[in-house]
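Results of the structural survey
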Amino acid sequence: MKAAVYTGMPTPGQKSTTVEVRDVPEPIPKDGELLLEIEACTVCGTDLRTFRHGDPKIQAPRILGHELCARVIESRAPEANVKVGDRVAMYTVLVESADRGTERGRENLAMNRPTLSYHYDGAFARRMVVPALGVKNQCLFPVTRETLPEHLALAEPLGCCLNAHSRLRIDLSDTVVVIGAGPLGIMHACLARLHGARKIFVIDTNPTRLALAERFDIDGAILSESTAAHREELRRLTEGHGADVVIVATSSSIAQNDALDIAAKAGRVSFFAELPKTAPTAALNVNHIHYKELEITGSYSEKKSDFQAAFALLHSGRFPAEKLITHRLPLEQLHDAFPLMESGEALKICIAP
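Residues numbered from 1 in each chain as written. Predicted model: local features only at pLDDT ≥ 70, side-chain atom pairs only at ≥ 80, totals over all residues. Heavy atoms only, no water.

We now examine the overall build of the chain. Looking only at helices and strands, one finds 13 helices and 16 strands in the chain. For the chain, the C-alpha radius of gyration of 20 Å lies close to 20 Å, the compact-globule estimate for 353 residues. When burial is assessed residue by residue, the chain has 55% of its 353 residues classed as buried. A separation of at least 24 residues holds for 71% of the contacts in the chain among residues at least 6 apart in sequence. Considering the chain, the positive charge centre built from 40 side chains and the negative charge centre built from 44 side chains are found 2 Å apart. (Helix = DSSP H or I, 4+ residues; strand = E, 2+ residues; numbered from the N terminus. Rg over C-alpha atoms; globule rule 2.2 N^0.38 Å. Buried < 20%, exposed > 50% of the residue type's maximum accessible area, 1.4 Å probe, protein only. Contact = heavy atoms within 4.5 Å. Lys, Arg positive; Asp, Glu negative; His and termini not counted. Charge placed at Lys NZ, Arg CZ, Asp CG, Glu CD.)

Another aspect to go through is the pattern of salt bridges. Enumeration according to the criterion identifies 26 salt bridges in this entry. Two residues, Glu39 and Arg87, come together in a salt bridge whose shortest N-O distance is 3.0 Å. Placement of Glu39 in strand β3 (residues 34-42) and of Arg87 in strand β6 (residues 87-90) is noted, with a sequence separation of 48 residues between them. Under the relative-accessibility criterion, Arg87 is labelled buried at 11%. For Asp258, the salt bridge is made with Arg231, and the minimal N-O distance between the two is 2.6 Å. Of the two residues, Asp258 sits in helix α9 (residues 253-262) while Arg231 sits in helix α8 (residues 229-237), which places them 27 residues apart along the sequence. Residue class for Arg231 comes out partly exposed when judged on its relative accessible area of 21%. Look at the salt bridges and you will find they share partners, linking Arg231, Glu232, Arg235, Asp258 and Asp261 into a network. (Salt bridge = Lys/Arg side-chain N within 4 Å of Asp/Glu carboxyl O.)

Two descriptors summarise a pair of aromatic rings, namely the distance from one centre to the other and the angle between the planes of the rings. For the structure on display, the rule yields 4 aromatic pairs. Judged by centre distance (4.4 Å) and plane angle (20°), the rings of Phe51 and Phe338 are stacked. Of this pair, Phe51 sits in helix α1 (residues 45-53) while Phe338 sits in helix α13 (residues 334-343); the two residues are 287 residues apart in sequence, bridging distant segments of the chain. The same class applies to Phe51 as to Phe338, namely buried. Pairing Phe141 with Phe307 gives two aromatic rings, centres 5.3 Å apart and planes at 50°, and the pair type is tilted. (Phe/Tyr/Trp six-rings, centres within 6.5 Å; stacked < 30°, edge-to-face > 60°.)

To continue, consider the environment of Pro149. When you line up the elements, Pro149 lands in helix α4 (residues 149-152). The exposure class of Pro149 is buried, given its relative accessible area of 17%. Note: C-alpha distance between Pro149 and Thr42 (107 residues apart in sequence) is 10.0 Å. Those residues in contact with Pro149 that sit more than four places away from it in its chain are Glu39, Ala40, Cys69 and Arg87.

This part takes up helix α6 (residues 183-194). Between its terminal C-alpha atoms α6 stretches 17 Å, which fits the 16 Å expected from 12 residues at 1.5 Å a residue. Taken as a whole, α6 has its buried residues at Gly185, Ile186, Met187, His188, Ala189, Cys190, Leu191 and Ala192. Looking one or two residues past α6, Gly196 carries a phi angle of roughly 95°, positive in sign. (Expected span 1.5 Å × (residues − 1).)

By rolling a water-sized probe across the atoms, one finds the places where empty space is left. By volume, the second largest pocket is sized at about 300 Å³. Those elements that provide at least two residues to the lining of the second largest pocket are β4 (62-63) and β7 (127-130). (1 Å grid on protein atoms, 1.4 Å probe; cavity = no way out; pocket = protein on both sides within 12 Å on 5 of 7 lines; lining within 4 Å. Points joined across faces, edges and corners; volume = space filled by probe spheres on them.)

Once that is clear, we can look at the sheet that holds strand β1 (residues 2-6). As summarised here, the arrangement of the 3 strands in space is β2-β1-β4, forming an open sheet in which the pairing is antiparallel. Because the sheet does not close on itself, it has two edges, and the strands there are β2 (19-23) and β4. When β1 meets β4, the two strands line up antiparallel, connected through 2 bridges. The residue bridging Tyr6 from the neighbouring strand is Arg62, located in β4. (Pairing = 2+ DSSP bridges.)

Written out as structure tokens, the structure reads:
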């Protein structure tokens, strides 16, 4: 079968050839495992970074793809919570043992957390084996109503967004600003609306992304400029108060400083996106934190409860999943997805193996 395989870290001078679509053997499940036939797998920003720069944490060769919806076609696990014929979505963090993180219900912070497409083969292929650990941990969620597979494949990234929102306490009185109009930024804006936010604004440096953002239920799309005019525009739109909640959904220290500047007094700020590993430090004006009594939180991956909530939301049909899926490509055209993502032409791209 065809699969998108990560081949290892690029050599000096090598250009974006760390992911190859090539023939691989059909997977065969062992005792305790399940075999899935993949119906949809959406492309993640992590896949893009892996394609461009490689990732030393991935055990190559490895089939990528971790945002999936599939059907169970073979079971070697009689104790599984799903059966042959079931359509499923999958929580991809496979915690091996109890520790401080798991005991507090925060599997995303566990010390030992193997992950699909990092330690186990993923879903950019026609078929995929669910490891016994995933079966044991009940990481599969059965689909019980007619929902498009590409919509359910969004449960993984949406769960990551919900993890951040669990600490932001957005309510009917809040003005929310999302910095970064990529797919995750748009998901944050949509969730803020579902939480009842009074006003929602999205900021980005890319006019193409902002044009896509305007298709959603937001109150304004603001172009980020080097003159910092976007900060003044946001103050004007909030009568000088600033934003009650600011979510930084782009890997930029400039955006982090923008967030601290435009946050209102007693505001909450989420550093949702990480900075590049090559430049992980930032010079921040922390006086904003001091004088405005800001709450700053980070957000990494998702808890199983976040994935479950995201799955339920998508399952309900109340989330605008169809608007988020802007492109559908066959597996053989996976490489075409990456420039579409970088240009801002695409939000979520669905691969149909």
